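Below are the chains, spelled out letter by letter.
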Amino acid sequence: MKVIWRTGSYFSVPSSVFLRYFTFPYDDMTLEQELQLLDQPDKTCHFLAHNGWVMGDDPLRNFAEPGSNVYLRRELVCWGDSVKLRYGNGPEDCPYLWAHMKKYTEITAKYFNGVRLDNCHSTPLHVAEAMLDAARSVRPDLYVIAELFTGSELIDNVFVNLLGISSLVREAMSAGDSHEQGRLVHRYGGEPVGAFVQPSLRPLMPSIAHAMFLDVTHDNECPIQLRSALDSLPSSAMVSMACCATGSTRGYDELMPHQISVVKEERFYPKWNPSAAPSSGGEVGPQTGIIAGKLALNKLHQELASQGFIQVFVDQVDADVVAVTRHCPSTHQSVVAVCRTAFWNPQTHKYDMNIPPMFIPGKIEEVVLEARTVERHAGSYKKDDKYINGMPEYTVEIKEHILLQESTLVKQAGVTSKGISEFMEEITFQNLTPGSVIAFRVSLDPKAQKLVGVLRFYLTQFSPKYRRGSVADEHLPEILTKPLAQLMSRLTLADLNILLFRCDAEEQEDGGGCYGIPGWESLKYAGLQGLISVLADIRANNDLGHPVCGNLRQGDWLIDFVANRLTRREGQLQQIGQWLAAMFNYLKHIPRYLIPCYFDAILVSTYTTALDASQKLMSSFVQNGSSFVRYLALGSVQMCGVGDLPALPPLSMKLDNVPYRVSPVTGQKEQCCVSLAAGLPHFSSGIFRCWGRDTFIALRGLVLLTGRHIEARNIILAFAGTLRHGLIPNLLGEGRFARFNCRDAVWWWLQCIQDYTSHVPQGHEILQCPVTRMYPTDDSEPLTPGEVSQWNRGKLPHTPYSIDSYGETISRKSSVKEQPLYDVIQEALQRHLQGISFRERNAGPKIDMHMKDEGFNVEAKVDPDSGFVSGGNLFNCGTWMDKMGESEKAKNKGMPASPRDGAAVEIVGLSKSAVRWVVELHVKGMFPYDGAKVHRDGKEEFLSYSQWNQQLQQTFEAGFWVSGDPGDPNEKHADLVHKKGIYKDSYGASNAWCDYQLRPNFTIAMVVAPELFTVEKAWLALEMVEKKLLGPLGMKTLDPDDMVYCGVYNNSLDNDNYNLAKGFNYHQGPEWLWPVGYFLRAKLYFARKQGEESYAKTVTMVKNVLSRHYTHLERSPWKGLPELTNENGQFCPFSCESQAWSLSTVLEVLFDL
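So, how was this worked out
- Residues numbered from 1 in each chain as written.
- Predicted model: local features only at pLDDT ≥ 70, side-chain atom pairs only at ≥ 80, totals over all residues.
- Heavy atoms only, no water.
- Core = buried A, V, L, I, M, F, W, Y, C linked by side-chain atoms within 4.5 Å.
- Buried < 20%, exposed > 50% of the residue type's maximum accessible area, 1.4 Å probe, protein only.
- Helix = DSSP H or I, 4+ residues; strand = E, 2+ residues; numbered from the N terminus.
- pLDDT = per-residue confidence, 0-100.
- Contact = heavy atoms within 4.5 Å.
- Axes fitted to C-alpha atoms, helices over the stretch in contact; angles between N-to-C directions.
- Parallel < 35°, antiparallel > 145°, perpendicular 65-115°, else oblique.
- Pairing = 2+ DSSP bridges.
- Nonpolar A, V, L, I, M, F, W, Y, C, P; charged D, E, K, R; others polar.
- Patch = residues over 30% accessible without salt bridge, like charges linked within 9 Å, V, L, I, M, F, W, Y side chains within 5 Å.
- Areas by Shrake-Rupley, 256 points an atom, 1.4 Å probe, with all protein chains shown as cover.
- Salt bridge = Lys/Arg side-chain N within 4 Å of Asp/Glu carboxyl O.
- Polar contact = N/O pair within 3.5 Å; in protein donor to acceptor, adjacent residues only side chain to side chain.
- Phe/Tyr/Trp six-rings, centres within 6.5 Å; stacked < 30°, edge-to-face > 60°.
- Lys NZ or Arg CZ within 6 Å of the ring centre and 35° of its normal.

Explanation requested: the nonpolar core in the structure shown.
One broad rule of soluble globular proteins: the nonpolar side chains tend to lie buried together. Residues F599, W749 and L821 are the most contacted members of the largest nonpolar core, which totals 218 residues. With eleven residues, the single largest contributor to this core is helix α18 (residues 595–616). With 46 residues, the next largest nonpolar core counts A211, I224, L233 and C339 among its residues.

Right, dumping it as C-alpha cells:
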C-alpha cells in the first residue's frame, strides 16, 4: 500500500478569484486594520504562509527563507490547502514540529509498505532526509515514490541519491503527441533489444532515476480534457509496455471527463460489480470505460516483468501508430504491441487510414490481445451527484489469446527472408481504428531458435546466465566436446601474448595487421584485447549503434578475422581458433540483430578464460593479488612475446628450457625466446623492439615478480652475450645492430641479475650458466655461435691478445667460445675500473643523423677519488634522459637536452648495489672474484671490490647532498644552489648548473642502495620531490621552478625555440611514469625508518597515488600505463600508450606493499 505524504499542513479554505498567499483565523479586514495587527505579536503569530512551488526556481533552495522575494513578487504557485512549516536547520530550531512529524512518519512506515513524497521539490532536503531515516528505522525496505519537478535530470538525481528514492513519478500525459509518448516509454526503462549480457560486476554508469510511469497523476488534468476519449486505451497500453513500474489514477479507466479535485471532491467512488450496467452511476464493472482492456494490459505487464522481458524497442510506424516491443533475452520471445493513439477527436480530426505494413522478425505465435475503443448506446455523460462517474458512451471490444487468422484488426500478408535464419512476417492493418491496440507474441524462426539455444548451451560453461533457453546439439563438433579452459591450459604465456595482444606493428611482422572498422578506426590489438576494450564501452552503454556493432550486423568479416587469425597458426593456438570457428558457425546463422550480443558473449568468455589461464602460469603474488596486481601483471603477457624474427641473440645450446621452433622465414630450427618490448606501439617490433635499459628496468616487475623465471634467465643471458667494451647495448637491434652508447644499461642489467638471485629459488645458479659471446673482442663483428667456434679454432682474423676477467693479458687462442655468467659480470666491472673509451662503429648519419661527431665518443670510468662511475660528454646522452636535439631552425640539432655527463646519481646508486652484491657473493663462495686488476700509468694495480664498496659509502652524501649551507665544506658551487635539502642529479657535470637541477633520479638510488642515505636527509629530499615533482600519474622530469622547464611535449613542433623545438623538452618537465614507482618505494622504505605513524600515513598516500594508475589502467583501451603525460597528467599524443617500465615499477610498489 502507498500513502501520500507531504511535509506541510492541510486545511479547508473558501474559493476566491486570487489565491491568498497567507491565511489567518480572523474575519476579513481592511488594510488599516491589518496594519494595526502588526503591533500585536500574540495575533500576528497566527498568520501562516501558504506552501506551493516556484516555476523555474532552484529546487534545492528553500523559497520561504529570509532573503527570498518569492512571496513579495507573487512568484509562488501556491496551494490554498497547505501552509509552509518552518523546520529551521534542525530539531533544535523547532523541537515540537520535528518530534511531531517524526512520530507521524514512523506511524506511517509501520502500517504502509511505501510512501509517496508529494511535491518533493518543495520539501527542504535535510527535513526529507531526517524523516526518511526515521521511516526506514521502522521499515528498512520502505518503497519511496517521489513527485519531483526540478526540470533537470541531474538535480533529480541529487534528490534520488540523497533520499534513496525508489521511483520518481513520471506521466504519459506530459507528452504532446504519440512520438513524444513513445520516447518516454523508451526513456523510462529497459535495455534495447539485442542488448549485451552484462557481467555480475559491472562499472557504474550514469543513468536516470527509476520511473513510476503513470498514464495520469492524481492532481493533473484528465486525459479527456486534453485528448480524445479514444486515446485512453492505446496510451494506457503504451504505458503498460514500459519496462518499469507503472500506475494510474482512479477515474482514468472509467473515462472521467474532468479532473477529480483532491481537496474539494466530496462524492464517492463507484463500487465494483461484475454485472454492472453501462449506465449505472454507483457501480462499475468490466463493461465500464476501458476497464476490460486495462485488466488485460495489467496482466500482460505483470507477465512481461516476471518472465524477464527486459528489452524494449519503440517503433514509430506513422504519426499516430506506435509499436512497442518487449523482448526476453533468454528465450528470445517478444511481445509486440501496436497502439493507434487518438490524441485528437476523430470527429474533428481526419486520421490517415493507410497505415504502412509492419515487418515483424520471427514467427507470430498468437495474438495476445486485440482491443478497440468503440461507442455504444448507453446515454451520454451526466455528472452524478453522489458518485464520481465516467462516460458511459464508450467501452472496449477485446479478444485475448487468439490465432493471427482470427484477428479482425490485421491480416498476414506474407513471409519474407532477410537472411539464412532470419524470417519476417508482413502484417497489414485492416481495422486498426484510432483507440485500438493489438499485441503479438513472437518467437524466432525455429531454426534460428535452435541455433541460439545451442550457443547458449556452450556458453553455460562460463556462466549460469545462459542456462535458460539453452539446447544441446545432437551433432556436436569434436572441438566443442572439450571445455575451453582445458584447451587454454595448454597454452604458454607466449601463446597468450598472441591470443590476447599484438599491436599492429607486431602483427605486420607475421604478415597480418589489426582489424580496421570502415568509417571508424583500427583496433588497438589484433588479439582479443583489441575487441574487448572496445566492447567494454559498448556493453556498458548498450551502444548498439556503434560502428563495431554495425560491422557485425552487416557481415561476417570481423567474426572470420578473429577465428582465422588463430586457425592459421600451429599448435595449441590453432585449437583455440578452431573452437572459436565452431562457435562462430552457429553465430553466423542467427538473426543479425542478435549477433553483436552473442559475439560479445563468446569473446568475453574466451577472454576471461584466457586471463585465468595466464594467471595460473604466474607467481602466487599475482594469483593471490588484487585486481590491480592482476591488471599490471597482464602487462607481462602484453609486452613479452616472440615475433617471426627472433629479437634476442641465440643462447648457449648447453642451456635447458630454451624454446625452439622451425623458423617461419627460413624453415630452419631456431631459438624462439621471449623478448620484452619497450613500449606499444612505437617500440614493439623489428630492431627497435628491445632496448637494454628499458628491458632491465622492466624485467623485475614484469618478468621476475610474475614468476617467469626461465624467460628472465634467458633475457639476462642473451644480453650478456652481447657485452662489448664492458657495456650492455642501449638499442639491442637483435645483437647484430646493437649500439653501445649508454652508460647505465649495464648497471640495470647487473641489478636484474642480483634481483634474479634474490627472487628465484636457487637463483644464484644463474651465475654458472654459459654465455655465448656474440662479440669475442671489442673489435669483432657480430658472430653466430658457429662463427665464434671457428674463431676459437683460429680460422678468423684476430688481434694478438685479449684481456681476462681479472685484467690479465692472455692469448686469444686460449679463449673459449662460452664462459660462465660470473666471468661476464667480472669483465663488465673490470672494464669500468680500467676505464672505457671508444668511438662508436659506423659513426655518423648512418647510425644517428642528428648527433655531432663528438657525440660518438663513448667514455665511462670509475673515479679513483670518489668511486663514482662517471662518463659522457656535452655531445651525447648516456642515461635514460637521452633526448638529442633535431631542429636546425632552433639550432639545437646535435645537442643533448640533458647530457647528464659526470656521475649520474642513479648510476652511482646502481653501481653501489652491484659492488655490495658481488662482495656478499664472494664471501658466500658464489662469485670467484674479490676485485680486478687495472693498468694505470704503466703499472698494474689490484682494486678490491670491498674497498670500492666502502669508498662509495663514505663519499656519496658528501658529494651529492645539497645542504644549502654556504659554509658546507663539501659544497663547491654554493652559488648554484636553488633547492636545498635535495640530492644532486649528477656530480661533476661539464655544466655545473646541471648537477643542482631537481630531478627524480636520486629516488632510484634510494631504492637500490638505501644504505647510502641518511634517513633524515632522505626524508627531506623525498618531501621536496613530492611537493615539486609528483604529478597525477607521473613524475615531472625537471623542477617546475627551473628556467628551462616545459611540461608539454610536442615532437612535431619545429620553431626557433631552442628549448622546445622538435620535442627538445622530452625530459625537461613532462611527467614520466616509471620514476613514480621508485619514488613511492623510496618513500615507503624511509617511512618505515621513521616509525609506525609515518609509515601508516605514507601507505595511505601511496594508495591514493596508485588509485589514479588503477583508474587509468581500467579505462585504457591499451590496458597499459603510458610512457609519459604532459603537465598535470594531461594526455600526450606522442607518448607510447603502454610502456613496459611504467607497468613494471608500479607493480613493484604493490609488491613492496
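Next comes the rest of the write-up.
Is there a simple way to think about the confidence of the model for the protein in this case?
Any region with low pLDDT has predicted coordinates that should not be read closely. With 95% of its residues at a pLDDT of at least 70, the protein reaches an overall mean of 91. Within the model, the stretch residues 1–13 combines pLDDT values under 50 with 53 contacts to residues more than four positions away or in other chains. Segment residues 788–816: pLDDT under 50, and 59 contacts once partners within four positions in sequence are set aside and those in other chains are kept.

Would you mind going over the packing of helix α12 (residues 493–500) against helix α20 (residues 627–639) with me for this structure?
Between α12 and α20, whose axes approach to 7 Å, the crossing angle comes to 90°. Overall, the two elements α12 and α20 adopt an arrangement that is roughly perpendicular. Residues L493, L496, N497 and L500 of α12 pack against L634, V637 and Q638 of α20.

Would you explain the pairing of strand β10 (residues 211–214) in this entry?
Both faces of β10 are covered, namely the face carrying A211 and F213 and the face carrying M212 and L214. Where strand β8 (residues 167–171) lies against β10, four bridges are found, and the strand directions are parallel. Looking across to β10, one finds that V169 is bridged to M212. With three bridges connecting them, β10 and strand β11 (residues 245–247) associate as parallel partners.

How should the packing of α18 against α20 be read in this particular structure?
Describing two packed helices takes the angle between their axes plus the distance from one axis to the other. Running from N to C, α18 and α20 point in directions that differ by 85°, and their axes come no closer than 11 Å. One way to sum up the angle between α18 and α20 is to call them roughly perpendicular. Across the interface between the two elements, Y607, L611, S614 and Q615 from α18 touch R630, L634 and V637 from α20. Grouping the amino acids of the contact of α18 with α20 by side-chain chemistry returns four nonpolar, two polar and one charged.

What should I look at first to understand a nonpolar patch on the surface in this one?
On the surface, L31, L35 and L38 cluster together to form a nonpolar patch covering roughly 320 Å² of accessible area. Relative to the elements of secondary structure, L35 occurs in helix α1 (residues 31–37). What makes L35 partly exposed here is its relative accessible area of 48%.

Would you explain the sheet that holds strand β16 (residues 334–340) in this entry?
Paired through backbone hydrogen bonds, the strands of a sheet run either parallel or antiparallel to each other. The mixed open sheet is built from seven strands, whose spatial order is β9-β14-β15-β16-β22-β18-β19. With partners counted over all chains shown, the strands left at the sheet margins are β9 (191–192) and β19 (394–402), one partner each. Direction of pairing for β16 relative to strand β22 (residues 436–443): antiparallel, over a ladder of seven bridges. Among the inter-strand pairings, V335 is bridged to a residue of β22, identified as R441. Its contacts with the sheet put helix α6 (residues 178–187) on β14 (311–316) and β15 (321–327), and the angle it makes with β14 is roughly 170°. Strands in contact with helix α9 (residues 291–306) are β15, β16, β18 (363–375), β19 and β22; relative to β19, the strand with the most contacts, it is inclined by about 40°.

Is there a simple way to explain the side chain of E827 in this structure?
Relative to the assigned elements, E827 resides in helix α25 (residues 821–834). A distance of 2.9 Å separates polar atoms of two side chains, one belonging to E827 and the other to R773. Each residue touching E827, except ones within four places of it in the same chain, is listed here: L723, R773 and Q819.

Just to check I follow, could you spell out the packing of aromatic side chains for this structure?
Each aromatic ring pair is characterised by the separation of its centres together with the angle its planes make. Tallied over the entire structure, the rule returns 48 aromatic pairs. With a centroid separation of 5.5 Å and 70° between ring planes, the pair formed by F457 and Y458 is classed as edge-to-face. Overall, F457 belongs to the partly exposed group, its relative accessible area being 34%. Taking the relative accessible area as the measure of exposure, Y458 reaches 4% and is therefore buried. Each ring, one from Y1049 and one from F1134, has its centre 6.0 Å from the other, and the planes form 75°; the classification is edge-to-face. With Y1049 in the loop between β41 (1035–1036) and β42 (1071–1072) and F1134 in the loop between β43 (1124–1125) and β44 (1138–1139), this residue pair connects regions lying 85 residues apart in the sequence. Connected via pairs of aromatic rings, a cluster forms that spans F868, F956, F960, W961, Y983, Y987, F1002, F1013, Y1085 and F1086. Looking at K84, its charged tip hangs above the ring of F63, at a distance of 4.3 Å from the centre. In this arrangement the basic side chain of K669 is found over the ring face of Y660, its NZ or CZ atom lying 4.7 Å from the centre.

I keep staring at the sheet that holds strand β34 (residues 869–871) and nothing clicks. Help me out?
Reading across the sheet, the three strands line up as β32-β33-β34 and stay open at both edges, with antiparallel pairing between neighbours. Only two strands of the sheet have a single partner each, and these edge strands are β32 (836–839) and β34. Along the sheet, successive strands turn relative to each other by an average axial angle of 15°, direction set aside. In terms of strand pairing, β32 meets strand β33 (residues 857–862) through four bridges, oriented antiparallel. Bridging from a neighbouring strand, R839 pairs with N857 of β33. Against the sheet, α25 makes contact with β32, β33 and β34, and its axis sits at roughly 95° relative to β33, the strand it touches most.

Help me out: how do you make sense of the pattern of salt bridges in this one?
Opposite charge on two side chains allows them to pair when their charged atoms are near. One pass over the structure, following the stated rule, counts 55 salt bridges. Taking the shortest distance from any N to any O, the salt bridge between D600 and R539 comes out at 2.9 Å. Remark: R539 occurs in helix α14 (residues 528–541) and D600 occurs in helix α18; sequence separation between them is 61 residues. By relative accessible area, D600 is classed as buried at 2%. Relative accessible area serves as the criterion here: at 12%, R539 is assigned to the buried category.

Would you mind showing me how to read unusual backbone geometry here?
Cis peptide bonds are those with omega within 30 degrees of zero, and the linkage from L680 to P681 qualifies with 5°. With respect to the secondary-structure elements, P681 resides in the loop between β27 (679–680) and α21 (692–704). Even without a glycine there, the phi angle at N119 is positive, about 50°. Of note, the phi angle at N1128 is positive, near 60°, even though the residue is not glycine. Take N1128: it is sitting in the loop between β43 and β44.

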